[in-house]
Amino acid sequence: MKITNPMSSIEIFENERATNYNQFVETWIPNYHYFLDRLPKLLSNTNTKELLVVGCGTGNEIERFVKASESWKITGVDPSPEMIKQAKDKLQNNDRITLMEGVVAALDEKKKYGAATLLLVLHFLEDNGDKLDLLKAIAERLAPGATFVMLDITGDKTQIQQNLKVLQQLLPDGLDPEQINNRLNRIENELFAVSEERLTELVQEAGFEKPLRFFQSSIYMGWLTKKK
Ligand SMILES: C[S@@+](CC[C@H](N)C(=O)[O-])C[C@H]1O[C@@H](n2cnc3c(N)ncnc32)[C@H](O)[C@@H]1O
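Basis of the calculations
Residues numbered from 1 in each chain as written. Predicted model: local features only at pLDDT ≥ 70, side-chain atom pairs only at ≥ 80, totals over all residues. Heavy atoms only, no water. Near = heavy atom within 4 Å. Polar contact = N/O pair within 3.5 Å; in protein donor to acceptor, adjacent residues only side chain to side chain. Areas by Shrake-Rupley, 256 points an atom, 1.4 Å probe, with all protein chains shown as cover. Helix = DSSP H or I, 4+ residues; strand = E, 2+ residues; numbered from the N terminus. Nonpolar A, V, L, I, M, F, W, Y, C, P; charged D, E, K, R; others polar. Phe/Tyr/Trp six-rings, centres within 6.5 Å; stacked < 30°, edge-to-face > 60°. Buried < 20%, exposed > 50% of the residue type's maximum accessible area, 1.4 Å probe, protein only. Expected span 1.5 Å × (residues − 1). Contact = heavy atoms within 4.5 Å. Axes fitted to C-alpha atoms, helices over the stretch in contact; angles between N-to-C directions. Parallel < 35°, antiparallel > 145°, perpendicular 65-115°, else oblique. Left-handed = near helix turned anticlockwise from the far one by under 90°. Pairing = 2+ DSSP bridges. Patch = residues over 30% accessible without salt bridge, like charges linked within 9 Å, V, L, I, M, F, W, Y side chains within 5 Å. Salt bridge = Lys/Arg side-chain N within 4 Å of Asp/Glu carboxyl O. Core = buried A, V, L, I, M, F, W, Y, C linked by side-chain atoms within 4.5 Å.

Looking at an unreviewed UniProt entry, the chain carries the name Class I SAM-dependent methyltransferase, with the source organism given as Zunongwangia pacifica.

Student: A description of the site of the ligand should follow, citing residues and the corresponding values.
Tutor: Near the ligand you find 20 residues, and of these Ser-9, Tyr-32, Glu-61, Asp-78 and Ser-80 are the closest. At a separation of 3.1 Å, an oxygen atom of the ligand approaches a polar side-chain atom of Asn-60. Here the ligand has 590 Å² of accessible area as a free molecule, and 98% of this is covered by the chains. For the shell around the ligand, the elements supplying multiple residues, two or more each, are strand S2 (9-11) and helix H4 (60-68). Here the shell around the ligand is built from residues that sort into 12 nonpolar, five polar and three charged.

Student: Help me get a handle on the packing of aromatic side chains, residues and values and all.
Tutor: Counted under the stated rule, the structure contains nine aromatic pairs. The interplanar angle of 85° and the centroid separation of 5.5 Å between the aromatic rings of Phe-13 and Phe-124 together place this pair among those described as edge-to-face. Note that Phe-13 is positioned in the loop between S2 and helix H1 (15-19) and Phe-124 in the loop between strand S6 (113-119) and helix H6 (130-139), a separation of 111 residues in sequence. The pair formed by Phe-13 and Phe-124 is uniform in burial state, with each residue classed as buried.

Student: Quick rundown of helix H8 (residues 177-189)? Include the residues and the values.
Tutor: When the terminal C-alpha atoms of H8 are compared, their 18 Å separation across 13 residues agrees well with the 18 Å that a helix rising 1.5 Å per residue should span. In this structure, the buried side of H8 is in contact with helix H2 (21-28), strand S7 (142-153), helix H7 (157-170) and strand S9 (220-226). With a side-chain oxygen lying 3.1 Å from the backbone nitrogen of Glu-178, the N-terminal cap of H8 falls on Asp-176.

Student: Tell me what's going on with the packing of H6 against helix H9 (residues 196-206), and back it up with residues and numbers.
Tutor: As a packed pair, H6 and H9 sit with axes 8 Å apart at the nearest point and diverge in direction by 45°. One finds that H6 runs oblique with respect to H9. As for how H6 packs across H9, the hand of that crossing is right-handed. Contacts from Lys-131, Leu-132, Leu-135, Lys-136 and Ala-139 of H6 reach H9 at Leu-202, Val-203, Glu-205 and Ala-206. A per-class count over the contact of H6 with H9 returns six nonpolar, no polar and three charged.

Student: Let's hear about the sheet that holds S7: which residues, and what values?
Tutor: The sheet built from seven strands is open, its strands ordered S5-S4-S3-S6-S7-S9-S8 with mixed pairing. The open sheet has two free edges, formed respectively by strand S5 (97-101) and strand S8 (212-217), since each of these has just one partner strand. Pairwise comparison of adjacent strand axes, ignoring direction, gives a mean angle of 15° for this sheet. Two elements, S8 and S9, share five bridges in a ladder whose sense is antiparallel.

Student: I'd like a rundown of a nonpolar patch on the surface, residues and numbers included.
Tutor: A contiguous nonpolar patch, built from Leu-42, Leu-212 and Phe-214 and spanning about 240 Å² of accessible area, is present on the exposed surface. Note that Leu-212 resides in strand S8.

Student: Any details on the side chain of Glu-11? Residues and values, ideally.
Tutor: Following the sequence through the fold, Glu-11 ends up in strand S2. Among the polar contacts listed, one links the side chain of Glu-11 to the side chain of Arg-17, at a separation of 2.9 Å. There is a polar contact of 3.5 Å between the side chain of Glu-11 and the side chain of Arg-186.

Student: Outline the environment of Asn-31, listing residues and values.
Tutor: Examined against the element boundaries, Asn-31 turns out to sit in the loop between H2 and helix H3 (32-42). Taking C-alpha positions, Asn-31 is 25 Å from Ile-12, a pair spaced 19 residues apart along the chain. With near-sequence residues (within four places) excluded, Asn-31 lies in contact with Phe-215 and Ser-217.

Student: Any chance you could break down the nonpolar core for me, citing the residues and the numbers?
Tutor: Ranked by size, the top nonpolar core spans 43 residues in total, and within it Tyr-32, Ile-62 and Leu-120 carry the most contacts. Setting aside residues up to four positions removed in sequence, Tyr-32 forms contacts with Tyr-21, Val-25, Asn-60, Leu-119, Leu-120 and Leu-151. Among the nonpolar cores identified, the runner-up in size contains 29 residues, and Tyr-113, Ile-138, Ala-139 and Ala-206 belong to it.

Now the structure itself:
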């Protein structure tokens, strides 16, 4: 379900999409766990260990940071009530973690974080100002020099089509062929992936340095940049 409000466009995860989320990512995003597990290492040089996890969903990123080091203080924000509830059930008894249902634009702009992540969110937003608004809202809440990590479906039409074939080969055995087709169609025709060049433009326009593509698993690319 998509909601557009004056503050931002939101992709709500609810019902089975929320309850089956963790199993879904396991199936559909090869190497996702590798990416998650290495995130704390990637951000280990951060001076101010205050992390903003945008679109934290069920808390997958936050769990890794809590396990990795005692020094991180983490704020997770997500607009889907059923996703943030799962995160709360899993993580809320930890005084280093703050979890908020809502959008990043609602967070106090005076508070500046030392790093931020945005994993598997941007491709749900259209490139009609919505992607840029979200990136700007994140940039406005980061200290200069803060590291920002993204994971997103990225590529031009041909690249996405070619990488979807690779993704299909990497899927676990035994999945329902109709489900596979539906999902591949949805990725190609209903999500809003942009090319590497366009993503680079958006990130820079939002107030970050030129991003580096440091990771790729089929259609999913990992990007690293810093707040200017
Ligand atoms: C595919 S899940 C990713 C969750 C988590 N980052 C992970 O990697 O497991 C996408 C999440 O983005 C959230 N979301 C949707 N629209 C958003 C927006 N405009 N700003 C921030 N998060 C959003 C959804 O509620 C959902 O929990």
